[in-house]
Amino acid sequence: MTIATDLYVGFTGSPLDRVEPARHDPQALAALAANPAALLLDMPDYLPPTEGGALAWKPFTPLPVEETLLLGLIDGIPRFARIDPEAAAARRWAELMTLLDSLDRGEAGIYAAARSLLDWHARHRFCANCGTKTAPHHAGWARLCPVCGTEHYPRTDPVVIMLAQYQDRVLVGRQPSFAPGRYSALAGFVEVGESIEEAVARELREEAGVVATAVRYVASQPWPFPSQLMVACIAEVADDTVTLDMAELEDAKWVDRAQVEAALRGDADAVFGAPPRYAIANTLFNAWLAGK
Ligand SMILES: [Zn+2]
């Protein structure tokens, strides 16, 4: 199932049919695992195995139940990954970004689901209620505590990412960790007890001292590092006076349409470097230029 949008949003458009009922049906799960056509997404270091812009799958042989993650079906063929609770996410960020650049967004969407789940299993091995070691449950989409019976589910953490707009310019900022010249939209986690619009207004006020007067939603994307849901918005602000929170940003500046277009084209003399295409900040710039 694909939700149509005329925007390019990284990590969306996955062709996975998640066949949720099979997660709760041991016989159905066993039948899928025994299908000789079943395939495995093998990524012991959490990097996507790729081949020509697509994910590279291996033949699947049935695994112990506690290692079996049923991703779903693609073209009617069962797709699995292997849960390794001892695994740790590789820190090879530069290598990962190159791989993501090469992946079709739908393929990256499959990877996003698999990576977030495998990483969650490795980081959530014990019951948050009683401290007992838990085991994978529901074909890898949950964990079950054998002592207190609590079911634990992978969480998704919402993050707002937004362009502040004043007249015909938008505000871009850079964190010290960014690549040289790179600027992006501002962003921050939605806090407990907050709406998306309130989180956008608070983050803009905290990080840049600008006051949002209207917030509109643009698009969202899963961001599997480790499990965020990026919620992209554009916020009108009351004026263009910026007061930076230097703990969050080392610089911020207003850019106009021509400057954003030059950055997205990758012009050598662009006043900033744009985020990569798979990042929803890139989508936000394009949406703003298109008047979304
Ligand atoms: Zn427990």
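Structural notes, computed from the coordinates.

Rules used in this analysis
- Residues numbered from 1 in each chain as written.
- Predicted model: local features only at pLDDT ≥ 70, side-chain atom pairs only at ≥ 80, totals over all residues.
- Heavy atoms only, no water.
- Donors = N, O, S within 2.8 Å, 3.2 Å for Na, K, Ca; no water.
- Helix = DSSP H or I, 4+ residues; strand = E, 2+ residues; numbered from the N terminus.
- Buried < 20%, exposed > 50% of the residue type's maximum accessible area, 1.4 Å probe, protein only.
- Arc of directions from axis to C-beta.
- Contact = heavy atoms within 4.5 Å.
- Core = buried A, V, L, I, M, F, W, Y, C linked by side-chain atoms within 4.5 Å.
- Pairing = 2+ DSSP bridges.
- Axes fitted to C-alpha atoms, helices over the stretch in contact; angles between N-to-C directions.
- Parallel < 35°, antiparallel > 145°, perpendicular 65-115°, else oblique.
- Left-handed = near helix turned anticlockwise from the far one by under 90°.
- Nonpolar A, V, L, I, M, F, W, Y, C, P; charged D, E, K, R; others polar.

### Description of the coordination of the zinc ion
Inference 1: Within the protein, the atoms that donate to the zinc ion are C127 (SG), C130 (SG), C145 (SG) and C148 (SG), at distances of 2.3 to 2.4 Å.
Inference 2: Positions of the donor residues of the zinc ion along the chain correspond to the pattern C-x2-C-x14-C-x2-C. In this pair, C127 is assigned in the loop between helix 4 (105-123) and strand 7 (135-137) and C145 in the loop between strand 8 (142-144) and strand 9 (151-152), connecting sequence segments 18 residues apart.
Inference 3: For C145, a relative accessible area of 2% puts it in the buried group.

### Observations regarding helix 3 (residues 93-102)
Inference 1: When helix 3 is considered as a whole, its buried residues turn out to be L96, L99 and L100. Around the axis of helix 3, the buried residues are gathered within 100 degrees of arc, so they sit on the same side. When the buried face of helix 3 is taken as reference, the exposed residues oriented beyond 90 degrees from it are A94, T98 and D101.

### Some remarks on the environment of R23
Inference 1: By the element assignment, R23 lies in helix 1 (residues 20-23).
Inference 2: Overall, the relative accessible area of 13% leaves R23 in the buried class.
Inference 3: Beyond its immediate stretch of four places on either side in the chain, R23 contacts R18, H138, A139 and W141.

### With respect to the nonpolar core
Inference 1: By size, the foremost hydrophobic cluster in this structure holds 58 residues, and its most contacted members are F11 and F272.
Inference 2: Counting residues per element, this core draws most heavily on helix 4, at eight residues.
Inference 3: Membership of the second largest hydrophobic core comes to 19 residues, among which are L204, V210, A252 and W254.

### Structural notes on the sheet that holds strand 7
Inference 1: Strands sit in the order 7-8-9 across an open sheet of three strands; the sheet is antiparallel. Of all the strands in the sheet, just strand 7 and strand 9 have a single pairing partner and so form its edges.
Inference 2: Judged from the two bridges that link them, strand 8 and strand 9 form a sheet pairing that is antiparallel. Within strand 9, the position partnered with L144 by the bridge is E151.
Inference 3: Sitting on the sheet, helix 4 is in contact with strand 7, strand 8 and strand 9, with an inclination near 25 degrees to strand 8.

### Section: the packing of helix 6 (residues 257-265) against helix 7 (residues 280-289)
Geometry of a packed helix pair, given as the angle between the helix axes and the separation of the axes.
Inference 1: At a minimum axis distance of 11 Å, the contact between helix 6 and helix 7 shows a crossing angle of 140 degrees. Between helix 6 and helix 7, the angle is such that the two are oblique. The element helix 6 and its partner helix 7 pack so that their crossing is left-handed. On the side of helix 6, the interface is formed by R257, V260, E261 and L264, while helix 7 contributes N282, F285, N286, W288 and L289.
Inference 2: Classifying every residue of the contact of helix 6 with helix 7 gives five nonpolar, two polar and two charged.

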